[in-house]
Amino acid sequence: PWAAALMDGCFLRLLDYLALLPLPSSTQSTPTTFTMKVLAILYEGGEAARQEPRLLGTVQNKLGLESYLKSLGHELVDADTFVYLLHSKEGADSDFQKHIVDAEVLITTPFHPGYLTRELVEKAKNLKLCITAGVGSDHIDLNAAVDHRIQVLEVSGSNVVSVAEHVVMSILLLVRNYNPAHEMIERGDWQVSEIARNAFDLEGKVVGTIGAGRIGYRVLQRLKPFDCKELLYYDYASLPPAAAEAVNARRVEDLKDFVSQCDVVTVNCPLHEGTRGLVNAELLKHFKKGAWLVNTARGAICDKDAVAEALKSGQLNGYSGDVWNVQPAPKDHVWRTVKNPLGGGNGMVPHYSGTTLDAQKRYADGARKILQNYIEGKEQDAQNIIIGLGKYETTAYGQR
Ligand code: NAD
């Protein structure tokens, strides 16, 4: 079927391995073999991935797993599949839905998320481990994973600097009204007043992060030299006093109170039951008029239509980020084009802040390590475990 799919011109890559793996040493008496199926949902990298082997998160370059598996001596065959690397992920006929039923390990990236719903979890009778090559595992129904004793691990920290840099860039391009200025130049126009009327300095502004974990804290660190009026954070977990002091950040415990003090709000918390739709029409009313909002956390934390309305009305002066409530975002998604009343304020890009080439190397190495630990029966790095056997191990996905 895979050959037929290729001939059909589907964006499908199937790598079939016969796994001749020794069992973990603790359970091994005489040499024996077992097969397991690993299903990886990666994005189609096209010509770019063929030209650039460091684009590891693509179906073409397969997170570097192919060479890893070959180096272990696994044999490529067309039966008893060990690894499937697939692109299509939506709908009942998708490769994802077909192959999840007997996969033991699922590898996904947040950039091209394979949405593992409770319904799919219930069909995935053999599934034991989900590996997120990156950070953010909300595309997996985590409560269903708990109920079905499926472990969920991610490569914590792998792209947090990449995202923090993108956040700082996004804040600057909104506050300084950069995108309309550049578009003006490309059009061949030159009207400084049209741009300068809505351009400001970041110095002297109040910037606050919702979530002060690895990314949120790195954003605060990077903002410190800009001499903002104040750096604030909202998080149910308080920063250690020394860490807060190092960036001179003040915690605000009430969310409405927090947003009402900020000129810039940046969202850096995971998506879970407590954060879905957190930035909605009601909360936006409490923002300072003309505030800027940057969301590189997850699209669904911000209400799509409420944000669009707030930008259109000028309640927000700008919205920027790289995450969308559905990915890939539909062509007519309002966030692609919505502008403030002066025709600017949109800094949206596709989901790539955490997938720089530097980040891809780190999360590919990390995903391979998690797979290797699993295969060899070794202990996993505790900071990577989101869901352990039947329970949340992280404290970042809501207070439970
Ligand atoms: P982290 O676990 O280090 O920090 C998350 C912080 O959010 C924690 O301090 C937690 O207490 C806090 N939090 C959770 N719920 C909250 C709530 N309701 N209100 C306020 N704070 C809350 O995670 P991280 O490495 O900083 O990553 C954060 C998120 O960023 C990820 O879960 C992911 O969704 C997103 N992310 C996006 C990209 C990208 O490419 N755009 C890349 C990496 C991560």
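Cut-offs applied
Along each chain, residues carry numbers from 1 onward, in the same order as the chain's sequence is written. Local features in this predicted model are restricted to residues of pLDDT 70 or higher, and side-chain atom pairs are both shown and tallied only at a pLDDT of 80 or more, whereas totals for entire chains, interfaces and linings draw on every residue. Note that water and hydrogens are dropped before the side-chain values are worked out from all heavy atoms of the structure. Numbering of helices and strands runs from the N terminus; a helix is a DSSP stretch of H or I covering at least four residues, while a strand is a stretch of E covering at least two. Exposed residues in this analysis have more than 50% of their type's maximum accessible area, buried residues have under 20%, and partly exposed residues fall in between, with area computed by a 1.4 Å probe over protein chains only. Every residue pair with non-hydrogen atoms within 4.5 Å of one another is taken to be in contact. Surface accessibility in these figures is a Shrake-Rupley result with a 1.4 Å probe; residues are shielded only by whichever protein chains are displayed. Here, a salt bridge means any side-chain nitrogen of Lys or Arg that lies within 4 Å of a carboxyl oxygen of Asp or Glu. Expected helix span is computed as 1.5 Å times (number of residues minus one). Strand pairing is assigned whenever DSSP identifies at least 2 bridges connecting the two strands. Only the stretch in contact is used when a helix axis is fitted, and all axes are lines through C-alpha atoms; the angle between N-to-C directions ranges over 0 to 180 degrees. Think of a nonpolar core as a cluster: buried Ala, Val, Leu, Ile, Met, Phe, Trp, Tyr and Cys residues, connected wherever their side-chain atoms sit within 4.5 Å. To be near a molecule or strand, a residue needs just one of its heavy atoms within 4 Å of it. In protein, a polar contact means a hydrogen-donor-capable atom and an acceptor-capable atom, both N or O and within 3.5 Å, with residues adjacent in sequence counting only if both atoms are side-chain atoms; elsewhere, any N or O pair within 3.5 Å suffices. Small angles under 35 degrees read as roughly parallel and large ones over 145 as roughly antiparallel, with 65 to 115 read as roughly perpendicular and the rest as oblique. Each crossing gets its hand from how the near helix is turned against the far one by less than a right angle, where anticlockwise is left-handed and clockwise is right-handed. Per-residue confidence from the predictor is reported as pLDDT, a score between 0 and 100. Stacked, edge-to-face and tilted labels apply to pairs of Phe, Tyr and Trp rings (six-membered ring for Trp) whose centres lie within 6.5 Å, assigned for plane angles under 30 degrees, over 60, and everything in between, in that order.

1. Quick notes on the overall build of the chain
Scanning the chain from N- to C-terminus turns up 15 helices and 16 strands. Out of the 400 residues belonging to the chain, those deemed buried represent 53%. Considering only intrachain contacts with a sequence separation of at least 6, the fraction spanning at least 24 residues in the chain is 69%. Of the accessible surface of the chain, which amounts to about 18,300 Å², a share of 52% is contributed by carbon and sulfur atoms.

2. Digging into the pattern of salt bridges
Scanning all chains against the criterion turns up 19 salt bridges. Here Lys 37 ties to Asp 102 by a salt bridge, and the two come within 2.7 Å at their closest N and O atoms. Residue Lys 37 is located in the loop between strand S1 (17-18) and strand S2 (38-41), and its partner Asp 102 is located in the loop between helix H4 (95-99) and strand S5 (105-108); the two are separated by 65 residues in the primary sequence. The buried category is assigned to Lys 37, whose relative accessible area is 7%. Measuring nitrogen to oxygen at the nearest pair gives 2.8 Å for the salt bridge that ties Glu 230 to Arg 250.

3. Some remarks on helix H7 (residues 160-175)
Spanning 16 residues, H7 covers 23 Å between terminal C-alpha atoms, matching the ideal 22 Å at 1.5 Å per step. Counting buried positions along H7 yields 12 of 16 residues, so the element is predominantly enclosed. Those residues of H7 not exposed but buried are Val 160, Ser 162, Val 163, Ala 164, His 166, Val 167, Val 168, Ser 170, Ile 171, Leu 173, Leu 174 and Val 175. Note on H7: the residue one or two positions beyond its end, Asn 177, has a positive phi of about 60°.

4. Things to note about the sheet that holds strand S8 (residues 206-210)
The seven strands lie next to each other as S10-S9-S8-S11-S12-S13-S14, forming an open sheet whose pairing is parallel. Only two strands of the sheet have a single partner each, and these edge strands are strand S10 (249-251) and strand S14 (346-348). Ignoring which end each strand starts from, the neighbouring axes of this sheet average 20° apart. Across the face of the sheet, helix H14 (residues 304-313) comes into contact with strand S12 (291-295) and strand S13 (316-321) while running at roughly 135° to S13.

5. Quick word on the nonpolar core
If you look at the biggest cluster of nonpolar residues, it comprises 35 residues, and the most contacted ones within it are Phe 258, Phe 287 and Leu 293. Contributing elements (two or more residues each) for this core: S8, helix H12 (255-261), strand S11 (264-267), helix H13 (281-284), S12, H14 and S13. The leading source of residues in this core is H14, at five residues. Once residues within four sequence positions are removed from consideration, Leu 293 is found in contact with Leu 174, Val 265, Val 267, Val 279, Phe 287, Cys 302, Val 307, Leu 316, Gly 318, Tyr 319 and Ser 320.

6. Digging into the site of the ligand
Taken together, 29 residues surround the ligand, and among them Arg 214, Ile 215, Asp 235, His 272 and Thr 296 come closest. Residue Arg 214 places a main-chain N or O atom 2.9 Å away from an oxygen atom belonging to the ligand. Separating an oxygen atom of the ligand from a backbone N or O atom of Ala 297 is a distance of 3.4 Å. Coverage of the ligand by the protein chains reaches 93% of its 870 Å² of free accessible surface.

7. Considering the packing of H7 against helix H10 (residues 214-223)
Relative to each other, H7 and H10 sit at 50°, their axes nearing to 8 Å. In terms of their interaxial angle, H7 and H10 are classed as oblique. For the crossing formed where H7 meets H10, the hand is right-handed. Mapping the contact onto sequence places Val 160, Val 161, Val 163, Ala 164, Glu 165, Val 167, Val 168 and Ile 171 in H7 and Arg 214, Ile 215, Arg 218, Val 219, Arg 222 and Leu 223 in H10.

8. What about the confidence of the model for the chain?
Close inspection of predicted coordinates is inappropriate for parts of the model with low pLDDT. For the chain, per-residue confidence averages 89 on the pLDDT scale, and residues scoring 70 or more make up 87% of the total. Contacts from residues 1-32, a stretch scored under 50 in pLDDT, to residues over four places away or in other chains number 79 contacts. Segment residues 76-82 is flagged for pLDDT under 50; beyond a separation of four residues in sequence, or across chains, it makes 28 contacts in the model. Reported for the predicted complex are a pTM of 0.91 and an ipTM of 0.99.

9. Things to note about the side chain of Thr 109
Topologically, Thr 109 is positioned in the loop between S5 and helix H5 (118-123). Look at Thr 109 and you get buried, because its relative accessible area is 0%. A polar side-chain atom of Thr 109 sits 3.3 Å from the main-chain amide nitrogen of His 112. Setting aside its immediate chain neighbours within four residues, Thr 109 contacts Ile 41, Leu 42, Tyr 43 and Ala 133.

10. Looking at the packing of aromatic side chains
Here a ring pair, both rings aromatic, is described through the centre-centre distance and the interplanar angle of the planes. A complete count under the given rule lists five aromatic pairs for this structure. When the ring of Tyr 234 is compared with that of Phe 258, the centres are 6.0 Å apart and the planes differ by 40°; the resulting orientation is tilted. Note that Tyr 234 is positioned in strand S9 (residues 230-234) and Phe 258 in helix H12, a separation of 24 residues in sequence. Looking at Phe 258, the relative accessible area reads 0%, which means it is buried. Ring centres of Tyr 319 and Trp 335 lie 4.8 Å apart, and the angle between their planes is 55°; on these two criteria the pair is classed as tilted. On the criterion of sequence distance, the pair formed by Tyr 319 in strand S13 and Trp 335 in the loop between S13 and S14 is long-range, its members being 16 residues apart.

11. What about unusual backbone geometry?
Cis geometry marks the peptide bond from Gln 327 to Pro 328, where omega comes out at -5°. Mapping Pro 328 onto the fold places it in the loop between S13 and S14. One non-glycine residue, Arg 149, lies in positive phi territory at about 55°. Backbone geometry at Asn 177 places phi at a positive 60°, although glycine is not the residue there. If you trace the backbone, Asn 177 turns up in the loop between H7 and helix H8 (178-187). Relative accessible area serves as the criterion here: at 6%, Asn 177 is assigned to the buried category.

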